[in-house]
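# What the coordinates show
Given next are the chains, with one letter for each unit.
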Amino acid sequence: MNIADNIKRVRENIAETAIKCGRNPEDITLVAASKTQPVHYIQQAILAGVDAVGENRVQEMLEKHSHSAYEGAPLHYIGHLQSNKVSKIVGVCDLIESVSSTSLISAIGKKAVSMGINQNCLIEVNIGREPQKSGILPEQLDEVLEFAANTAGIHVLGLMAIPPIFDVSEKSCNYFDIIFKLFVDMRAKKYDNVSVRLLSMGMSDSYVDAILAGSNMVRIGSALFGER
Ligand SMILES: *Cc1c(COP(=O)(O)O)cnc(C)c1O
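Notes on the structure in this doc start here. (Residues numbered from 1 in each chain as written. Predicted model: local features only at pLDDT ≥ 70, side-chain atom pairs only at ≥ 80, totals over all residues. Heavy atoms only, no water.)

Broken down by element type, the chain carries 9 helices and 8 strands. Taken over the C-alpha trace, the chain has a radius of gyration of 17 Å; the compact-globule value for 228 residues is 17 Å, and the two agree within 12%. For the chain, the spread of C-alpha atoms along the principal axes amounts to about 45 × 40 × 30 Å. By the burial criterion, 48% of the 228 residues in the chain qualify as buried. Put simply, 60% of the contacts in the chain that link residues at least 6 apart link residues at least 24 apart. As displayed, the chain offers around 10700 Å² of accessible surface, 50% of which is attributable to carbon and sulfur atoms. Each charge class in the chain was averaged separately, 22 positive and 26 negative side chains, and the resulting centres sit 3 Å apart. (Helix = DSSP H or I, 4+ residues; strand = E, 2+ residues; numbered from the N terminus. Rg over C-alpha atoms; globule rule 2.2 N^0.38 Å. Buried < 20%, exposed > 50% of the residue type's maximum accessible area, 1.4 Å probe, protein only. Contact = heavy atoms within 4.5 Å. Areas by Shrake-Rupley, 256 points an atom, 1.4 Å probe, with all protein chains shown as cover. Lys, Arg positive; Asp, Glu negative; His and termini not counted. Charge placed at Lys NZ, Arg CZ, Asp CG, Glu CD.)

Below, the structure is given as structure tokens:
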């Protein structure tokens, strides 16, 4: 397995897809989802030009961070986030993609203010309404963005979603379409400290469909690093 070759191939697919729908390939951010990957693989991915690296577990991320794993690329947190871990990642991550409640927004804002910074975040939407998944429900989004707009220290840049897994890619596409519509609706509204411009959706097996549906940030693991 060659990480640089994999990245090149994924980039080509991204570019081809973007062009197919009349968009600029450069507007699509490639996030390497690096859970379980060792520091030297992550460094290879960064050298090969991924735009960012995303981690799922706070402890694992801090451990690898202490070994300079993410040097040279922005660091995203993409995993489930518990309130008691917030203080460990604010200011360490350039973007927290998985903010899924108003209590997390409060905790992140409070920590960021105490550090004198603004924390960039995405709001995770539970698009399939799956009880085992985190994320706010679509109908709560307006209220949650309003809440974020009134919270100091947090800057919301968009939405993130992990649609339900189906064998048939058509069904995922429906979810991608639903979240894109939500994204467009929210982008049209005006909130303080909220600029809805990033839509993070699409993984190894779905990024082409996600981009076709309007995603501008894809989180890709196994297609870059091989099966976990
Ligand atoms: C692991 C992970 C990915 C990447 O998954 P692959 O199928 O390996 O591409 C994307 N997003 C999140 C939140 C993940 O946990």
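Here we take up the layout of surface pockets. Considered as a void within the structure, the largest pocket measures approximately 670 Å³ in volume. Together, 27 residues line the largest pocket, and Lys-35, Asn-56, Ile-78, Gly-79 and Ile-162 are the ones closest to its centre. Along the lines of polarity and charge, the residues of the lining of the largest pocket split into 9 nonpolar, 9 polar and 9 charged. (1 Å grid on protein atoms, 1.4 Å probe; cavity = no way out; pocket = protein on both sides within 12 Å on 5 of 7 lines; lining within 4 Å. Points joined across faces, edges and corners; volume = space filled by probe spheres on them. Nonpolar A, V, L, I, M, F, W, Y, C, P; charged D, E, K, R; others polar.)

Turning to the pattern of salt bridges, a few remarks are in order. Tallied over the entire structure, the rule returns 8 salt bridges. A salt bridge links Lys-189 to Asp-142, with the shortest nitrogen-to-oxygen separation between them at 3.4 Å. Taken together, the positions of Lys-189 in the loop between helix H7 (169–188) and strand S7 (194–200) and Asp-142 in helix H6 (residues 141–149) put the pair 47 residues apart, joining distant regions of the chain. Owing to a relative accessible area of 32%, Asp-142 belongs among the partly exposed residues under this scheme. (Salt bridge = Lys/Arg side-chain N within 4 Å of Asp/Glu carboxyl O.)

In this structure, Thr-36 takes a positive phi of about 70° despite not being glycine. Among the secondary structure elements, Thr-36 is positioned in the loop between strand S1 (29–33) and helix H2 (39–47). Even without a glycine there, the phi angle at Arg-129 is positive, about 50°. With respect to the helices and strands, the residue Arg-129 is situated in the loop between strand S5 (119–125) and H6. Accessibility expressed as a relative area gives 46% for Arg-129, which makes it partly exposed.

The two faces of strand S2 (residues 52–55) match: Ala-52 and Gly-54 on one face and Val-53 and Glu-55 on the other face are all buried. Taken together, the 3 bridges between S1 and S2 define a ladder with parallel strand orientation. Across the sheet, Ala-32 pairs through a bridge with Val-53, a residue of S2. Each parallel crossover has a hand, and the one from S1 via H2 to S2 is right-handed. Strand direction decides the pairing type here: S2 and strand S3 (residues 75–77), joined by 3 bridges, are parallel. (Pairing = 2+ DSSP bridges. Right-handed = clockwise from strand over helix to strand, strands pointing away.)

Attention now goes to the site of the ligand. Around the ligand sit Ala-33, Lys-35, Asn-56, Ile-78, Ile-162, Met-203, Ser-204, Arg-219, Ile-220, Gly-221, Ser-222 and Arg-228, and those are all the residues in its vicinity. Here Gly-221 contributes a backbone N or O atom positioned 2.8 Å from an oxygen atom of the ligand. Out of a free accessible area of 390 Å², the ligand has 89% covered by protein chains. More than half of the atoms of the ligand fall within 2 Å of the grid points belonging to the largest pocket. (Near = heavy atom within 4 Å. Polar contact = N/O pair within 3.5 Å; in protein donor to acceptor, adjacent residues only side chain to side chain. Sits in = over half its atoms within 2 Å of the grid points.)

Judged by nonpolar contacts, the single largest core of 64 residues is most densely connected at Val-50, Leu-81, Ile-96, Ile-108, Ile-123, Leu-141 and Leu-145. Those residues in contact with Ile-96 that lie beyond four places of it in its chain are Tyr-77, Leu-81, Ile-89, Val-90, Ile-108, Gln-119, Asn-120, Cys-121 and Leu-122. Counting 8 residues, the second-largest nonpolar core is a separate cluster that includes Leu-122, Leu-157, Met-160 and Met-217. (Core = buried A, V, L, I, M, F, W, Y, C linked by side-chain atoms within 4.5 Å.)

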